[in-house]
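Descriptive structure summary
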Amino acid sequence: GAGVSQTPSNKVTEKGKYVELRCDPISGHTALYWYRQSLGQGPEFLIYFQGTGAADDSGLPNDRFFAVRPEGSVSTLKIQRTERGDSAMYLCASSLSGVDGDAQYFGPGTRLLVL
Amino acid sequence: AQSVTQLDSQVPVFEEAPVELRCNYSSSVSVYLFWYVQYPNQGLQLLLKYLSGSTLVKGINGFEAEFNKSQTSFHLRKPSVHISDTAEYFCAVSEKLRALTFGSGTRLQVQP
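Quick summary incoming for the structure in this document. Keep in mind that this is a model prediction, so the values were computed, not measured.

Side note on the overall build of chain A
- In terms of helices and strands, chain A carries zero helices and eleven strands.
- Ordered by position in the sequence, the α and β elements of chain A form the string β-β-β-β-β-β-β-β-β-β-β.
- Structurally, chain A occupies a C-alpha span of about 40 × 25 × 25 Å along its principal axes.
- Burial analysis of chain A (115 residues in total) assigns 48% to the buried set.
- For chain A, the share of sequence-separated contacts (at least 6 apart) that also reach a separation of at least 24 residues comes to 54%.
- Counting only carbon and sulfur atoms, one obtains 49% of the accessible surface of chain A, whose full area is about 5400 Å².
- The distance from the centre of the 11 positive side-chain charges to the centre of the 12 negative ones in chain A is 10 Å.

Observations concerning the overall build of chain B
- Across its full length, chain B holds zero helices and twelve strands.
- Counting helices and strands in the order they occur from the N terminus, chain B gives β-β-β-β-β-β-β-β-β-β-β-β.
- Computed over its C-alpha atoms, the radius of gyration of chain B comes to 13 Å, within 12% of the 13 Å expected for a compact globule of 112 residues.
- Taking all 112 residues of chain B together, the buried fraction comes to 47%.
- Carbon and sulfur atoms make up 49% of the accessible area of chain B, which amounts to about 5500 Å² in all.

So, the state of the cysteines
- The full count for this structure, using the stated rule, is two disulfides over all chains.
- The disulfide partner of A:C23 is A:C92, and the gap between their sulfur atoms is 1.8 Å. As the torsion about the S-S bond is roughly -65°, the A:C23-A:C92 disulfide counts as left-handed. Placement of the pair is A:C23 in strand 3 (residues 19–24) and A:C92 in strand 9 (residues 88–95), with a sequence separation of 69 residues.
- The side chain of B:C23 participates in a disulfide bridge whose partner is B:C91; the two sulfur atoms lie 2.0 Å from each other. Around the S-S axis, the bridge from B:C23 to B:C91 shows a dihedral of about -65° and counts as left-handed.

A short note on a nonpolar patch on the surface
- A cluster of nonpolar side chains, namely A:V12, A:L113 and A:L115, defines an oily patch on the protein surface of about 270 Å² accessible area.
- Position of A:V12 relative to the elements: it lies in strand 2 (residues 10–13).

Describing the sheet that holds strand 7 (residues 65–68) of chain A
All names here are of chain A.
- In spatial order, the strands read 1-3-8-7; together these four strands make up an open sheet with antiparallel pairing. Two strands lie at the open edges of the sheet, namely strand 1 (5–7) and strand 7, each paired on one side alone. Going across the sheet, the axis of each strand differs from the next one's by a mean of 15°, ignoring polarity.

Things to note about the environment of B:A87
All names here are of chain B.
- Mapped onto the elements of the fold, A87 is located in strand 10 (residues 87–94).
- Separated by 20 residues in sequence, A87 and R107 place their C-alpha atoms 5.9 Å apart.
- Excluding its chain neighbours within four sequence positions, the residues that come into contact with A87 are V37, Q38, Y39, T106, R107 and L108.

Considerations on the side chain of B:D85
Residue and element names in this part refer to chain B.
- Within the secondary structure, D85 sits in the loop between strand 9 (73–78) and strand 10.
- Only 2.8 Å separates the side chain of D85 from the side chain of K78, close enough to count as a polar contact.
- Of the polar contacts made by the side chain of D85, one reaches the backbone nitrogen of H82; its length is 2.8 Å.
- Beyond its immediate stretch of four places on either side in the chain, D85 contacts F63, K78, L108 and V110.

Some points on the interface of chain B and chain A
- Taken together, the contacts link 17 residues of chain B with 18 residues of chain A.
- In this assembly, chain B and chain A are joined by zero salt bridges.
- Along the contact surface separating chain B from chain A lie three residue pairs in polar contact (both at pLDDT 80 or more).
- In terms of residue count, the dominant contributor to the side of chain B that touches chain A is strand 5 (residues 32–38) of chain B (four residues).
- The residue inventory of the side of chain B that touches chain A, partitioned by class, reads eleven nonpolar, four polar and two charged.

What counts, and where the lines are drawn
- Residues numbered from 1 in each chain as written.
- Chains lettered and ligands numbered in written order.
- Predicted model: local features only at pLDDT ≥ 70, side-chain atom pairs only at ≥ 80, totals over all residues.
- Heavy atoms only, no water.
- Helix = DSSP H or I, 4+ residues; strand = E, 2+ residues; numbered from the N terminus.
- Buried < 20%, exposed > 50% of the residue type's maximum accessible area, 1.4 Å probe, protein only.
- Contact = heavy atoms within 4.5 Å.
- Areas by Shrake-Rupley, 256 points an atom, 1.4 Å probe, with all protein chains shown as cover.
- Lys, Arg positive; Asp, Glu negative; His and termini not counted.
- Charge placed at Lys NZ, Arg CZ, Asp CG, Glu CD.
- Rg over C-alpha atoms; globule rule 2.2 N^0.38 Å.
- Disulfide = S-S within 2.5 Å.
- Patch = residues over 30% accessible without salt bridge, like charges linked within 9 Å, V, L, I, M, F, W, Y side chains within 5 Å.
- Salt bridge = Lys/Arg side-chain N within 4 Å of Asp/Glu carboxyl O.
- Pairing = 2+ DSSP bridges.
- Axes fitted to C-alpha atoms, helices over the stretch in contact; angles between N-to-C directions.
- Polar contact = N/O pair within 3.5 Å; in protein donor to acceptor, adjacent residues only side chain to side chain.
- Nonpolar A, V, L, I, M, F, W, Y, C, P; charged D, E, K, R; others polar.

As structure tokens, then:
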């Protein structure tokens, strides 16, 4: 079956602009996660959805970052007033139910470059 | 708070040689442990996971890992590597109902 997909694969924007990154999870997966990966580092957790609600948003760096999942499937990560430090690979993952130890399946990521 | 340490940023090895990629974690509670692989320009792929039970876990592509609670380690091993195993390997830990915390990764470079 289809895996997690993310669009766009690459996004170049200018400092101060607004961007949206989209994630389509595996069909039937109720849990969805966003991570950010800087060059040479491991992914860092941003936010976790269980269904439509954000169960844990403790990883969002500041209030310029926001994510939604209105119908419990597709999710959009929104970044306002982008800064050069936001440049990174943004990864989305989904898991079947989000219970303890549930395996997370990752998409290919969106590489964001803020000029 | 949980954390993961991957002691080696790069591991060069010759083809058909054995390899061990080290991972240590810290946590105040029981954890679940994972190894992921990231090939160039691709997403993270799950290699194996430890939830409970046998401390030796077998994964895909001939990899295995051993959970050692007393040493808080979860080292990844393969008895004979191939050129195609060249990639970045990430160890990750998850506490109860928490998202994954990743190490900084180990780049495995398999040379002919």
